[in-house]
Amino acid sequence: MMPADYTDAFACGVEAWSGFWGDPLFSGTLMIATYAFAALLAWRVAMRMGGVQRGAWVLAAVLMAFQALNTPLDLHGLMWATGRCLAHIQEWYADRYAYQRELLIGLAIVFAVLVILGVLVLRKHLLAHGLLVVGLALSLGMTLVKGINYHHLEALYQARVGPLHIPDIIELAGITCVFLATRLIRRV
């Protein structure tokens, strides 16, 4: 792997990404608004907390704010497009499904470990913090899964319930978990 491969792949990825970034008006606006509101609520909770809990809620607020910015920019799409270009440049495109499958399995393991560690570290107010951790895992995890764009999940990516695609609903479920966590932690 030459550094030029990465530079060329990124340039190719940016070119491809520039043709598809952005979300439909309804779902994009809904996602941006809910992520931004979740970031605000998490930040407000963080300012009332101390120690590790404060750090976790600040991280949650930052991640939710990042997701609000990522929604219209589709940075996960840039990642996918760059990876596709790199696969062509390095001539492993024919084997991409095996690499994508391994990456998905690796992400699932990493997210499972992070959820377990998050719940263990934040065991005080377990229900609220458990919802926070699961909510972050769902919303960020779905974004990463979309970024990998595994062909065998194409039916999931395209399936709709009303104006929303299934991945949008999964992300919204994660955001809802964060909302519930902020509500529960305020009552404590």
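Before reading on, note that the structure itself is shown above.
To keep things clear, this report deals only with the structure shown in the data block. In every chain, residue numbers begin from 1 and rise along the written sequence. Only residues with pLDDT of at least 70 are given local features in this predicted model, and only at 80 or more are side-chain atom pairs given and counted; all residues enter the totals for whole chains, interfaces and linings. Heavy atoms throughout the structure, all of them, feed into the side-chain values; hydrogens and water do not.

A few points about unusual backbone geometry
In step 1: Phi is positive for Asp74, close to 50°, though the residue is something other than glycine.
In step 2: Mapped onto the elements of the fold, Asp74 is located in the loop between helix 3 (51-73) and helix 4 (75-89).
In step 3: Note on classification: 1.4 Å probe, protein chains only; a residue is buried when its accessible area is under 20% of the maximum for its type, exposed when over 50%, partly exposed between these limits. With a relative accessible area of 8%, Asp74 lands in the buried category.
In step 4: One non-glycine residue with positive phi stands out, namely His125, at about 60°.
In step 5: Counting from the N terminus, the helices are the DSSP runs of H or I reaching at least four residues and the strands are the DSSP runs of E reaching at least two. Relative to the helices and strands, His125 resides in the loop between helix 5 (96-121) and helix 6 (126-148).
In step 6: Residue His125 is classed as partly exposed on the basis of its relative accessible area, which comes to 27%.

Some thoughts on helix 5
In step 1: A helix is expected to reach a length of 1.5 Å times the quantity of its residues less one. The end-to-end C-alpha distance of helix 5 is 37 Å, a good match for the 38 Å that 26 residues give at a rise of 1.5 Å each.
In step 2: Buried within helix 5 we find Arg96, Gln100, Leu104, Phe111 and Gly118.
In step 3: The contact criterion used is simple: two residues touch if any of their non-hydrogen atoms lie within 4.5 Å. Looking at the buried positions of helix 5, the neighbouring elements they touch are helix 6.

Focus on empty space enclosed by the protein
In step 1: Throughout, the protein atoms alone are placed on a 1 Å grid, and a set of points is a cavity if a 1.4 Å probe fits but cannot get out or a pocket if it is open with protein on both sides within 12 Å along at least five of seven lines; lining residues have an atom within 4 Å of a point. Grid points are joined across faces, edges and corners, and a volume is the space filled by probe spheres set on the points. Per the stated rule, a full pass over the model turns up one cavity of 30 Å³ or more.
In step 2: The space that makes up the largest cavity amounts to roughly 70 Å³.
In step 3: Lining the largest cavity are Asp23, Met31, Tyr35, Gln67, Asn70, Thr71, Asp74, His76, Thr143, Lys146, Asp168 and Glu171.
In step 4: Every element with two or more residues in the lining of the largest cavity is listed here: helix 2 (25-46), helix 3, helix 6 and helix 8 (166-187).
In step 5: For the lining of the largest cavity, the element with the most residues is helix 3, which contributes three residues.
In step 6: A breakdown of the residues in the lining of the largest cavity according to their chemical character gives two nonpolar, five polar and five charged. Gly is placed with the polar residues, together with every amino acid not listed as nonpolar (Ala, Val, Leu, Ile, Met, Phe, Trp, Tyr, Cys and Pro) or charged (Asp, Glu, Lys and Arg).

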